[in-house]
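Here are the chains, one letter per residue:
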Amino acid sequence: MMLLKSFIPLTSLLSKLHKGYKLFFFAILVMRVYIAGKLCTEEARRRLEEIDAFCSRQGWSTYLPHRDAGLADGSNDKELFDTDKEELIKADFVIADLTEPDEGTAWEIGFARSIGMEIFASGEKRNIMLSFEITYVESLDSIQPKKSKLITIEGLDGVGKSYYLDKLGIPNDDALDG
């Protein structure tokens, strides 16, 4: 758990939150990763699960579409699309397996980029357009995401809400130890 270092940014934070909430936990660093890639073959899913295992070793929380939402079967396509889109919005960054690029992964990368998300990709550089928008990595160990600090606020009703400081317009640098 991180400790509050300066009280000044806290007043700015509290002014942006709902009334009736009190500070409960201070800045628990949680990185949420959306893992994107082809889902159609066992081999492709195995590569995504290797990325997930790497993320777990880093202490990052992950969303792995085939594990967390299931595979499309024709009857659940809209539900899967909506869930994946929501999870992309919640993520701090994306790791995409571009070993076998497909249309779904291209959409996920495009959407993530359109909302300003940081994207890392494994696989061979294939497209000049992507090379300017994502960071290709030769090994997962070279992934170094920008860190965003998370603060959790507990309401008087006992329900907690979490907010990323940078998404609230509060600088990450001096607000919290980390």
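If you're wondering where the values come from, they're calculated on a predicted model, not measured in any experiment. (Residues numbered from 1 in each chain as written. Predicted model: local features only at pLDDT ≥ 70, side-chain atom pairs only at ≥ 80, totals over all residues. Heavy atoms only, no water.)

**So, the environment of aspartate 84**
Relative to the helices and strands, aspartate 84 resides in helix H4 (residues 77–90). Residue classification places aspartate 84 among the buried residues on the basis of a relative accessible area of 16%. Separated by 19 residues in sequence, aspartate 84 and proline 65 place their C-alpha atoms 6.8 Å apart. (Helix = DSSP H or I, 4+ residues; strand = E, 2+ residues; numbered from the N terminus. Buried < 20%, exposed > 50% of the residue type's maximum accessible area, 1.4 Å probe, protein only.)

**Quick look at the sheet that holds strand E6 (residues 135–137)**
The parallel open sheet is built from five strands, whose spatial order is E3-E2-E4-E5-E6. The open sheet has two free edges, formed respectively by strand E3 (61–63) and E6, since each of these has just one partner strand. Each strand axis lies, on average, 30° off the axis of its neighbour in the sheet, ignoring direction. Bridge count for strand E4 (residues 93–97) against strand E5 (residues 118–122) is five bridges, and the pairing is parallel. Of the residues in E5, the one forming a bridge with valine 94 is isoleucine 119. Contacts from helix H5 (residues 103–114) reach strand E2 (32–36), E4 and E5, with the element oriented near 160° to E4. (Pairing = 2+ DSSP bridges. Axes fitted to C-alpha atoms, helices over the stretch in contact; angles between N-to-C directions. Contact = heavy atoms within 4.5 Å.)

**Observations concerning the pairing of E4**
Remark: a regular strand shows side chains that alternate across the two faces of the sheet. A large share of E4 lies buried, amounting to five of its five residues. Residues Phe93, Ile95 and Asp97 line one face of E4 and the alternating positions Val94 and Ala96 line the opposite face, and both faces are buried. Judged from the four bridges that link them, E2 and E4 form a sheet pairing that is parallel. Among the inter-strand pairings, tyrosine 34 is bridged to a residue of E4, identified as valine 94. Taken together, E4, H5 and E5 form a β-α-β motif whose crossover is right-handed. (Right-handed = clockwise from strand over helix to strand, strands pointing away.)

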